[in-house]
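Commentary on secondary and tertiary structure
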Amino acid sequence: MFQEFRDKQEGYQEVIKACLDIFFIEVVRQSPNPKGEPKVNNPYSQERFEEFLALLEKYLATHKQVSQYTDLMSLSPYQLNEITKSSVGKTASELINEQIVLEAKRYLLATPNQVKDIADLLGYEDFSYFIRFFKKHTGYSPETFRHNFK
């Protein structure tokens with residue numbers, strides 16, 4: 001961000017805003033209690049939540065459904081949602097979608113890859129579905145996002 005500010009190339013403010021968006025998303029994710037809900041300090045839930053995050057990072061391109069993660073963790077969808085809600089106040093599905101969007105933003109801003117290649121890297125066979133997914137969650141098409149924030 002400092003280099004963008006220092007160089008002041010065309011669109012530098014949008015790049016800085018996008019970097020800050022990603023930074024604040026990560027801060028909220030790492031916050032132990034982003035919505036101010038009472039959190040029960042439960043070591044089991046914390047371990048299972050960390051296990052879910054590790055699996056999410058490992059299998060994001062191939063596993064997009066909560067049921068796929070619950071199968072890996074030998075939990076029910078209800079149990080995993082209770083763990084994620086008590087940890088960060090979000091459902092497992094919300095965390096999966098946020099991670100997909102975050103990775104897509106990283107690829108869009110950090111690589112010259114075409115949208116269809118990014119969709120493929122994220123495990124989408126139909127890149128038009130990826131475009132709809134991205135637009136639903138960000139309000140921008142991938143190309144518009146790249147153009148506006150790069």
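Presented here is an overview of the structure given in this document. (Residues numbered from 1 in each chain as written. Predicted model: local features only at pLDDT ≥ 70, side-chain atom pairs only at ≥ 80, totals over all residues. Heavy atoms only, no water.)

**Looking at helix H2 (residues 12-30)**
The terminal C-alpha atoms of H2, which comprises 19 residues, lie 27 Å apart, in line with the 27 Å expected from a rise of 1.5 Å per residue. Within H2, burial applies to Tyr-12, Val-15, Ile-16, Ala-18, Ile-22 and Arg-29. With its buried residues spanning 160 degrees around the axis, H2 presents them on a single face. Of the surrounding elements, those touching the buried residues of H2 are helix H1 (2-7), helix H5 (77-88), helix H6 (92-110) and helix H9 (142-149). (Helix = DSSP H or I, 4+ residues; strand = E, 2+ residues; numbered from the N terminus. Expected span 1.5 Å × (residues − 1). Buried < 20%, exposed > 50% of the residue type's maximum accessible area, 1.4 Å probe, protein only. Arc of directions from axis to C-beta. Contact = heavy atoms within 4.5 Å.)

**Side note on the layout of surface pockets**
Here the second largest pocket defines a volume of roughly 220 Å³. For the second largest pocket, the full set of lining residues is Lys-64, Gln-65, Val-66, Ser-93, Ile-96, Asn-97, Ile-100, Tyr-124, Tyr-129, Phe-133, Lys-136 and His-137. The set of elements that each furnish at least two residues to the lining of the second largest pocket consists of H6 and helix H8 (127-138). Each residue belonging to the lining of the second largest pocket can be placed in one class, and the counts come to six nonpolar, four polar and two charged. (1 Å grid on protein atoms, 1.4 Å probe; cavity = no way out; pocket = protein on both sides within 12 Å on 5 of 7 lines; lining within 4 Å. Points joined across faces, edges and corners; volume = space filled by probe spheres on them. Nonpolar A, V, L, I, M, F, W, Y, C, P; charged D, E, K, R; others polar.)

Honestly, it's all geometry; don't read function into it.
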